[in-house]
Structures are given as C-alpha cells and as structure tokens.
Amino acid sequence: MSNSLNPDRLIDALPQAFKENLKKGRQPLSIAFVCTANYNRSPALELLMKEALDEALLLPYIDVRSAGARPWDGNGGPINPYLIEEMKDESRVRAEAMRSKAMEWSPNAKELADVIFTVSFSHREILHREYDVAWRKTISLPHALQGSNTELYDPQEAVGMALRNPTPKNIEAARTDTRRMLDELGPIVNEGIIPAFCKVAGIDVGPEVETPKRLESEEAKNEYIQDYIQRFYSEN
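Each residue is numbered by its place in its chain's sequence as written, counting from 1. Reporting of local features is limited, given that this is a predicted model, to residues whose pLDDT is at least 70; pairs of side-chain atoms are given and counted only at 80 or more, and all residues count toward the totals for whole chains, interfaces and linings. Side-chain descriptors were evaluated using all non-hydrogen atoms of the structure, hydrogens and water having been removed beforehand.

*Asks:* Break down the nonpolar core for me, with residues and values.
*Replies:* Grouped together as the largest cluster of nonpolar side chains are 43 residues, with contacts concentrated most on Ile31, Met49, Phe117 and Phe197. Of all the secondary structure elements, the ones that give two or more residues to this core are helix H1 (7-13), helix H2 (16-24), strand E1 (29-35), helix H3 (41-56), strand E2 (62-68), strand E3 (115-118), helix H7 (141-146) and helix H9 (168-201). Put simply, DSSP marks the helices as runs of H or I at least four residues long and the strands as runs of E at least two long, and each gets a number from the N terminus on. Considering every element that reaches this core, the biggest residue donor is H9, with 12 residues. For the purposes of this section, nonpolar cores are sets of buried Ala, Val, Leu, Ile, Met, Phe, Trp, Tyr and Cys residues that join through side-chain atoms within 4.5 Å. Using a 1.4 Å probe on the protein chains alone, a residue whose accessible area is under 20% of its type maximum counts as buried, one over 50% counts as exposed, and one in between counts as partly exposed. Counting 11 residues, the second-largest nonpolar core is a separate cluster that includes Ala32, Ala67, Tyr131 and Val133.

What follows is the structure, given as structure tokens:
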C-alpha cells in the first residue's frame, strides 16, 4: 500500500491558508482525524501523528485530536484497548493520559480544526451533510493520498467479539486485526502526511519512524488488557 502513497496529492488538497501558516511555523494549527466511532482508526491516527510530529519537530505548534462522526454510545465507551497495547510504551502512556473514552464529533469542533482528515470519502460527506463542515477543510485520506474511494481498514468486528467473548482465539484475532490496522495507518502518517507537512514547511524529512514495539509475553499482554478494562469501568 505504501508504494502508492503520494504526498504531493495531499499537498494539493490542503487548504491554502493552512499551507501558508505551516510555512511560517509560528501560528498554532490544529488538525483532527475522524472515523465512525473514535474507537479504532481515528485515535490510532491521532497517536501515530503525535509521535511522528515529535520526530519532525513540528508538534510545538500543531495540535492533534480525533473524534467519531457517529459513536455508538456518544461520549462513552473506552477506545480499543488492543490499540493501546500495541503502541510503544511512551505512546501507550500518552493514550491513557489523552483520554480513556471515545469522543463524539461536536458541531463546534469545525471551528477548532484547521484541517479534518477522514478515513473515507463517505465520512467526509457525513461531516459536510450532518455537521455543516466546509468541504475545503475536510480531506479523505485514501482519496487524497491514493486516489481511492475505499475506507481505511477497521478491526472493529474482531475487537468487539473479543471484548464480548474474551476467548484466547478471539483475543488473538483482535490483536491481529489491530496490528493490521496499524500496519496500514503507519505509512499513511509517516510516508504520506508527515512528508507532505514537512515539504510545505521546508523541513527535511528525517528517518522513518520505527514500527511500534509490542509487549513481549502473552502474560504481559493479558495483564495489561485486564488492568486497562478494570480501571476504565472503576473510574466511570
């Protein structure tokens, strides 16, 4: 997939005002990622983007957030615990500090984000039709980077099954599908968005951000997941 990514297509899709401010490197900018429920893809993109911006030295003036266009329970359930498990130690801490609950897209949020990246063209249409978000501020990542109308991969079916019925087979399937999602989203960020931003800002693109490290043992993974879920439900 990464071979077909085209950062120049994304640069063309970025709002002109955003590109001009990105070149200046002084004015605070805000970007948002939107998927369906803010459970898998958009929080993963948020975390990967924050990590990559740290590497590119852009983070001081770019704020990154994420939300769901149609969360199942509004601002309620926890984000995918297998996603947090799969990220690096520092990213996992950042994820928990960021929030433990999925966030719903707010009508007021359109005024807070300079650019809104969606996981598909249909999500872009939802924001425009149901939340009155201007077309020029929304960008479908598959369309802008690959000329595709497909959706970025969503592991929700396997993740939901594992949370409802946590058998070893279901848990492993959820982990496998979550890794598949990260394997797709990593290049989207590191070979697509970051090179586009750096090119506009006049910053040399550094070494590729390393693949997220994983907890080594099955026992450590299971303990982490159980602890995460217990803490969520004891705090809410």
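*Asks:* Can you tell me about the side chain of Lys137, naming the residues and giving the values?
*Replies:* Secondary-structure assignment places Lys137 in the loop between helix H6 (121-131) and strand E4 (138-140). A relative accessible area of 17% places Lys137 in the buried class. We define a polar contact as two N or O atoms separated by no more than 3.5 Å, with the added condition that, inside protein, one atom must be a possible hydrogen donor and the other a possible acceptor, whereas residues neighbouring each other in sequence contribute only through side-chain atom pairs. Polar side-chain contacts of Lys137 include one of 2.8 Å to the backbone oxygen of Ala113.

*Asks:* Just give me the short version of the pairing of E1, but keep the residues and values in it.
*Replies:* Counting buried residues along E1, seven of its seven residues qualify, which places the element largely inside the surrounding structure. On E1, burial covers both faces: Leu29, Ile31, Phe33 and Cys35 on one face and Ser30, Ala32 and Val34 on the other are all buried. Here, strands pair whenever DSSP counts at least two bridges between them. Of the pairings in the sheet, the one linking E1 to E2 comprises seven bridges and is parallel in character. When the bridges of E2 are listed, Ile31 appears paired with Val64. As judged from the four bridges shared by E1 and E3, these two strands associate in the parallel manner. Within the sheet, the bridge partner assigned to Ile31 lies in E3 and is Val115.

*Asks:* Help me get a handle on H9, residues and values and all.
*Replies:* Counted at 1.5 Å a residue, the expected span for H9 with its 34 residues is 50 Å, and the 47 Å between its end C-alpha atoms agrees. Of all the bends in H9, the greatest, near 30°, is centred on Ile194, and the proline Pro195 appears no more than four residues after it. Burial within H9 is extensive, with 24 of its 34 residues counted as buried. Gly202 sits one or two positions beyond H9 and adopts a positive phi of about 75°. Here a helix's expected span is defined as the number of its residues, less one, multiplied by 1.5 Å. Two axes define the bend at a residue: one fitted to the seven residues ending there, one fitted to the seven starting there, and the bend is the angle between them.

None of this, on its own, says anything about what the molecule does.
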